[in-house]
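What follows is each chain in one-letter form.
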Amino acid sequence: MVKLVIEAGQVNRQYFKDILAYRELFLLLAWRDVLVRYKQTIIGIAWSVLRPLLTMIVFTIVFGRLAKMPSEGVAYPILVFAALLPWQFFSSTVNEGGNSLVNNASMISKVYFPRIIIPTTAMIVSLIDFLISILILSALMFWYQHVPTWRVVFLPMFLGLAAIAAMGVTYMISALNVKYRDFRHVLPFIIQFGLYISPVGFSSTVVPDKWRLIYSLNPMVGVIDGFRWAIVGNTPMYWPGFFISVGLAVLLLVVGFGVFRRMEREFADVI
Amino acid sequence: MSIIKVENLGKKYIIGHDLNPGGAYRSRSLRDTLTHTARGFYQRLRHPLSPNTENTEIEEFWALRDLQFEIEPGDRVGIIGRNGAGKSTLLKVLSRITEPTTGRIEISGRVASLLEVGTGFHPELTGRENIYLNGAILGMTRGEIKTKFDEIVDFSEIEKFLDTPVKRYSSGMYVRLAFAVAAHLDPEILIVDEVLAVGDAQFQKKCLGKMEEVGREGRTILFVSHNMAMISNLCQTGMVLNEGKLEFFGQASDAVTRYYQNTNQRDAAHKREFKSDTAELLGAELVGLSNLSDLTIHDGLTVRMRYRLKRQIDGKCVPNFHFFVSDGSYAFVDSAKDVTNMPPGIYRAECKIPRQFLNEGAYFVGVALTSYFESGSFKIEFFDRNALTFNVVDPMDERSNRYGYGGPIPGVVRPRLDWSIAKESQ
């Protein structure tokens, strides 16, 4: 028989065991979020296709045609789309995940389960959108007759880095959002700001060399450069910057997880 | 060996200036925290040697304190207490929703808690999808839900609407489906918070039956309710909580008696004051109860309040009684008739509740005094919403008009009206 001991201040002892025990709930919640996302929308899943496609067109016109940014020897749409893939994955994870605890307040105050699975499910939903976007990218590459090199096999590694960065930010913001609803208003700002300071619409080679290292303090710079390196093929990789991005992404995750665990104890009382 | 062992359990809430009536604190805005911290810091700078001033703004509130009890396997335990006594907090701590501040709990077995039916139901999802989702939230595995799926659908009586989004359900259907999922949980310990007060009478009966069945199977149930009849029917053991402390633990019937005794005694003493510049409540009591708190549906009783009018006013001071049922909704209100302008003095107002009028269940009586002025305006002098409580029971004798039916008869009132049946033709 299962024996459970709840002791003041010691509740987190079986934390990781619990996460494992509740994996089915995690999958079901992810499945719920995917199902719900496009219910009662007319074109349904087509939104997942339309959003990145329209963004790509706008960015191509603004940065490629009007600003005449360098295109690294590929069609500008491919350059943009290779960056949009991880950026949309990151931003939608943070956006959905950041509000997820507040949106599931009734569940949190009425039943027990490891709370961390709620913001984590946001990533699964974004992952599905990501996979759809990969298909669009393939179509684009086919259209422009762009053949990727062997480097494309490293794509999952860069996706993993994006996930680490996204979860770090998501854990932190979702937990803070429970106590301070200000973060609900801060969130869209962070995401918009992030879009401008990340090299989504342009290649990071336009950043002067002496600033490259500092520019890489944004973990998404490493992720996006990595995606371009793997997909576009002939862009050089700025490795020192990449490792800084990796280090910062891991740091973000550790801090975010720590904040979450510390604040988690009072979620049910505060939400 | 006991299945639940609680030692020294306490739960403290820190309440700041933004206390809400629920006792917990709502989300503070970032600004509050920032200004608070900044102010504290500034104070430190100005008076580095003074004691910490921040603490004065923070108040501690113990929702539970020094709880100690053991529950044996198969026990059905009713938890009773006034609003704010800590019942819900206890359930939340036991079901791990919130963490205790002090003490230790040992639980040997799977726990399922039902603090609300339909937790996690998503309006956009169909009934079928919600069964899986809700089941998982309540702690069932997918395999378990699959094997019980048909039973759940059967119990909820919604098979025709299984593939309709639940947002299109009537509230009755919604509740039935939600309860059906919950009723098919298979935990060793079931924690229930008055969710049975839902649905129509027939469905309630079905739910009660299910609860009894669960109890017979030897599972442990912890049950919070204001419905004393239900507690004494369903539970053997009772627990009375008062202001976060365990006041009584023993036989369910004794617990119920103890609860009423306490509440009515406390009200006789009237520690809290209800008064205005014009009038003051001196006391309230119930006259004519058979044993402390119980009243059969065949008996009447008298509600009495004593109050002082301190000065003559240009209007009429009208005493009124407010009757509430156990879920907190109004049963009825009645005001004294033929009230005139009265000179200062001490008054006693009585009101007779006729026999064969109220239905089974717990009633709460609020006592109030309202002044009505010539100008048409009025003013509430005092209103003690929770002044008195009593319990009405059905002795199930021939006067109960039950013809052998044993289930609940719905309604706030249960009058015996004049009936006649005459034969008109063959």
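All values reported here derive from a predicted model rather than from experimental measurement.

### With respect to the overall build of chain A
Secondary structure assignment for chain A yields 12 helices and one strand. Overall, chain A shows an N-to-C arrangement of helices and strands of β-α-α-α-α-α-α-α-α-α-α-α-α. Computed over the C-alpha atoms, the radius of gyration of chain A is 20 Å, within 12% of the 18 Å expected from 2.2 N^0.38 for a compact globule of 271 residues. Dimensions of chain A, computed from C-alpha atoms along their principal axes, come out at roughly 65 × 45 × 35 Å. Of all 271 residues assigned to chain A, the portion counted as buried reaches 46%. Within chain A, counting contacts between residues at least 6 apart in sequence, those at least 24 apart form 82% of the total.

### Brief notes about the confidence of the model for chain A
For chain A, mean pLDDT is 88; residues scoring 70 or higher make up 97% of the total. Put simply, strand β1 (residues 3-7) of chain A is where chain A has its lowest mean pLDDT, 81, and helix α7 (residues 155-179) of chain A is where it has its highest, 94.

### Some words on the packing of helix α2 (residues 23-37) of chain A against helix α6 (residues 117-143) of chain A
Residues and elements named next belong to chain A. The contact between α2 and α6 brings their axes to 9 Å, and the two run at 50 degrees. Of the possible angle classes, the one that applies to α2 and α6 is oblique. Judged by the twist between their axes, the crossing of α2 over α6 is right-handed. Here Leu 25, Phe 26, Leu 29, Ala 30, Asp 33, Val 34 and Arg 37 of α2 come into contact with α6, specifically with Ile 117, Ile 118, Thr 120, Thr 121, Ile 124, Val 125 and Ile 128. For the contact of α2 with α6, the class distribution of residues is 10 nonpolar, two polar and two charged.

### Topic: the sheet that holds strand β5 (residues 111-114) of chain B
Through backbone hydrogen bonds, the strands of a sheet pair up, either in parallel or in antiparallel fashion. Residue and element names in this part refer to chain B. Strand order in this open sheet of six strands is β5-β6-β7-β3-β8-β9, and the pairing throughout is mixed. Of all the strands in the sheet, just β5 and β9 (245-251) have a single pairing partner and so form its edges. Across the sheet, the mean angle from the axis of one strand to that of its neighbour is 15 degrees, orientation sign disregarded. Running at roughly 145 degrees to strand β7 (residues 220-224), helix α2 (residues 87-94) makes contact with β3 (76-80), β5, β6 (189-193), β7 and β8 (237-242) of the sheet.

### Looking at the interface of chain A and chain B
Contact with chain A, which involves 32 residues of that partner, is made by 41 residues of chain B. Listing elements by their share of the side of chain A that touches chain B, those giving two or more residues are β1, α2, α5 (105-110), α7 and α12 (267-270) of chain A. No other element matches the six residues that α2 of chain A contributes to the side of chain A that touches chain B. Tallied by class, the residues present in the side of chain A that touches chain B amount to 18 nonpolar, three polar and 11 charged. With five bridges connecting them, β1 of chain A and strand β4 (residues 102-108) of chain B associate as antiparallel partners. Of the residues in β4 of chain B, the one forming a bridge with Leu 4 of chain A is Ile 107 of chain B.

### So, the environment of Asn 227 of chain B
Residues and elements named next belong to chain B. Inspection of the secondary structure puts Asn 227 in the loop between β7 and α7 (228-234). By C-beta crowding, Asn 227 is classed as buried, having 23 other C-beta atoms within 10 Å. Each C-alpha atom, one on Asn 227 and one on Glu 360, is 9.5 Å from the other, the two residues being 133 residues apart in sequence.

### Some points on the environment of Trp 87 of chain A
All names here are of chain A. In this fold, Trp 87 is placed in helix α4 (residues 76-103). With 25 C-beta atoms counted inside 10 Å, the residue Trp 87 sits in the buried group. Measuring from C-alpha to C-alpha, the distance between Trp 87 and Met 220 comes to 7.5 Å, with 133 residues separating the pair along the chain. Non-local contacts of Trp 87, meaning those with residues more than four positions away in its chain, are made with Leu 195, Ser 198, Val 200, Met 220 and Ile 224.

### Some words on the sheet that holds strand β10 (residues 279-287) of chain B
All names here are of chain B. In space, the three strands of this open sheet follow the order β10-β12-β15, with antiparallel pairing throughout. A single partner strand is all that each edge strand has here, and the edge strands are β10 and β15 (345-353). Across the sheet, the mean angle from the axis of one strand to that of its neighbour is 15 degrees, orientation sign disregarded. Two strands pair when backbone bridges link them, and strand β12 (residues 301-309) and β15 are joined in this way by nine bridges, in the antiparallel orientation. Note that in β15 the partner of Arg 306 across the bridge is Arg 348.

Conventions we followed
Residues numbered from 1 in each chain as written. Chains lettered and ligands numbered in written order. Predicted model: local features only at pLDDT ≥ 70, side-chain atom pairs only at ≥ 80, totals over all residues. Helix = DSSP H or I, 4+ residues; strand = E, 2+ residues; numbered from the N terminus. Rg over C-alpha atoms; globule rule 2.2 N^0.38 Å. Buried ≥ 20, exposed ≤ 12 C-beta atoms within 10 Å, placed from the backbone. Contact = placed C-beta atoms within 7 Å. pLDDT = per-residue confidence, 0-100. Axes fitted to C-alpha atoms, helices over the stretch in contact; angles between N-to-C directions. Parallel < 35°, antiparallel > 145°, perpendicular 65-115°, else oblique. Left-handed = near helix turned anticlockwise from the far one by under 90°. Nonpolar A, V, L, I, M, F, W, Y, C, P; charged D, E, K, R; others polar. Pairing = 2+ DSSP bridges.

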